[in-house]
Amino acid sequence: MPPAHQTVKLVYPRPLGPPYLLAGFVDYLSCNGMEAMHSHSFFQAVHVLSGGFSFDAEDHRIEIAAGQTGIIPPKVAHRYQIVGHGVCRTFMTNFQTPCPEHLGESAEILNGERAERLWIASPDEELVAFALEQLRAECTSPGLASTAVTQALLDLYLGAIARSAQRRDRSTPNEQRMRHALAMIEREYGRPLTLDELSDAAGLGVSRFSEVFRQHTGLSPMRYLTEYRIGVAKV
């Protein structure tokens, strides 16, 4: 039985082959979550269709917006919370540790150092939209060879996640520094943040940080922080 605040809308009704355990569409009510830390023996990929999700591990936190996928590796203790009001709609798949023989380089990326932490992927929107549209159709009315089609679509989805991670790995040092600052804003926007704290998170001096941040986002750091707070308040 799912928790009272969780509504399983649509799950693929047939047994899936390795590495997949489950694939389906799940809704969560706002302001609900799981307070107790727990872990799985499998990977879980949660793609947010609308609304928002946050996951807390022992030493870090991720917030997943619409269009992003949160990856929860095996044995990583975590809890979750729905962000904002209304319903958070997701596509979710659980899968065992993938092997290179099945997923090639995608398996190596998923099984690398990321397998020790919660992380966020931003896969190609058009590719994921296509895959999820077809997966919804297979969940609704599976036909001849439906399981093979479903597994191929899930392979496509995980491949898109892996490519997103690979693009991120190839980003420039300044882009990586800005991600640290942006992550601090996303985690701690609710308290008074200073320019010194943000520049320290990026590992740059204040002047250079402000310059690079504006190049990266089009806004000054403090203006970005204000706009982010307004956006959260609107949600």
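Quick summary incoming for the structure in this document. (Residues numbered from 1 in each chain as written. Predicted model: local features only at pLDDT ≥ 70, side-chain atom pairs only at ≥ 80, totals over all residues. Heavy atoms only, no water.)

What about the environment of Ala-233?
Alright, step 1. Positionally, Ala-233 belongs in helix H8 (residues 221-234).
Alright, step 2. Sequence separation of Ala-233 and Glu-133 is 100 residues, and the distance between their C-alpha atoms is 31 Å. (Helix = DSSP H or I, 4+ residues; strand = E, 2+ residues; numbered from the N terminus.)

With respect to the pairing of strand S4 (residues 43-50)
Alright, step 1. S4 sits mainly inside the fold: six of its eight residues count as buried.
Alright, step 2. Where S4 meets strand S9 (residues 87-95), seven bridges bridge the pair, whose relative direction is antiparallel. Among the inter-strand pairings, Val-48 is bridged to a residue of S9, identified as Thr-90.
Alright, step 3. Alignment of S4 against strand S7 (residues 69-72), held across four bridges, turns out to be antiparallel. (Buried < 20%, exposed > 50% of the residue type's maximum accessible area, 1.4 Å probe, protein only. Pairing = 2+ DSSP bridges.)

Concerning the packing of aromatic side chains
Alright, step 1. A full pass over the atoms with the stated rule returns twelve aromatic pairs.
Alright, step 2. Considering the side-chain rings of Phe-213 and Tyr-224, the 5.4 Å spacing of their centres and the 80° angle between planes classify their relative orientation as edge-to-face. Within this pair, whereas Phe-213 is found in helix H7 (residues 206-217), its partner Tyr-224 is found in helix H8, the two being separated by eleven residues in sequence.
Alright, step 3. Take Phe-213: its relative accessible area is 0%, and that puts it in the buried class.
Alright, step 4. Connected via pairs of aromatic rings, a cluster forms that spans Tyr-28, Phe-53, Phe-55 and Tyr-80. (Phe/Tyr/Trp six-rings, centres within 6.5 Å; stacked < 30°, edge-to-face > 60°.)

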